[in-house]
Amino acid sequence: MKTRKNLELWEKGALVGGLVGVIGTLVTYVTGDISFISIPVVLSFSIFGAGLLFLSHLFEFLAVVTFYALIGAIVGYLVSRRK
């Protein structure tokens, strides 16, 4: 069985994006106020009337980490296609 030692660029982007989401959720949880990192995600959910879902810390964690991981993966994929 062959194992990979290096991650693809889109995988690295997804990891960095996920880490940004974790940091944003942690700041929100510790301070009790919404973090600057979470604001774009909350606003995008509020457009569709689902902003109150962010009162749950678990939902905020899942939504913010998924959002930023997806953005990071897309940016990593586009950068790798440019090379």
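Each chain carries its own residue numbering, running from 1 in the direction its sequence is written. Only residues with pLDDT of at least 70 are given local features in this predicted model, and only at 80 or more are side-chain atom pairs given and counted; all residues enter the totals for whole chains, interfaces and linings. With hydrogens and water stripped out, all remaining heavy atoms of the structure feed into the side-chain values.

Q: In this structure, what is going on with the environment of Y29? I would like to understand it.
A: Mapped onto the elements of the fold, Y29 is located in helix α1 (residues 9–31). In this structure, the C-alpha to C-alpha distance between Y29 and A50, residues 21 residues apart in sequence, is 19 Å. Per the convention used, a helix needs a DSSP run of H or I reaching at least four residues, while a strand needs a run of E reaching at least two, with both numbered from the N terminus.

Q: Just checking my understanding: could you explain the packing of helix α2 (residues 39–47) against helix α3 (residues 57–82) for this structure?
A: Angle between the axes and distance between the axes are the two parameters that describe a pair of packed helices. Here α2 crosses α3 at 105°, and the two axes come no closer than 10 Å. The orientation of α2 relative to α3 falls into the category roughly perpendicular. Residues P40, V41 and F45 of α2 lie in contact with α3, whose contacting residues are F59, A63, V64, F67 and Y68. Polar here means any residue other than Ala, Val, Leu, Ile, Met, Phe, Trp, Tyr, Cys and Pro, which are nonpolar, and Asp, Glu, Lys and Arg, which are charged; Gly is therefore polar. Among the residues making up the contact of α2 with α3, the classes are represented as 8 nonpolar, no polar and no charged. Each axis is a line fitted through C-alpha atoms, and for a helix only the stretch in contact is used; angles between axes span 0 to 180 degrees, taken between their N-to-C directions. Each angle is binned into one of four classes, with values under 35 degrees roughly parallel, values over 145 roughly antiparallel, values of 65 to 115 roughly perpendicular, and all other values oblique. By definition in these notes, contact holds between two residues if any of their heavy atoms fall within 4.5 Å.

Q: Whenever I open this one, the side chain of T25 confuses me. Can you help?
A: Relative to the assigned elements, T25 resides in helix α1. Burial here depends on accessible area, computed with a 1.4 Å probe over protein chains only, as a share of the maximum for the residue type. Under 20% is buried, over 50% is exposed, and the range in between is partly exposed. The buried category is assigned to T25, whose relative accessible area is 8%. Once residues within four sequence positions are removed from consideration, T25 is found in contact with S38, H57, E60, F61 and V64.

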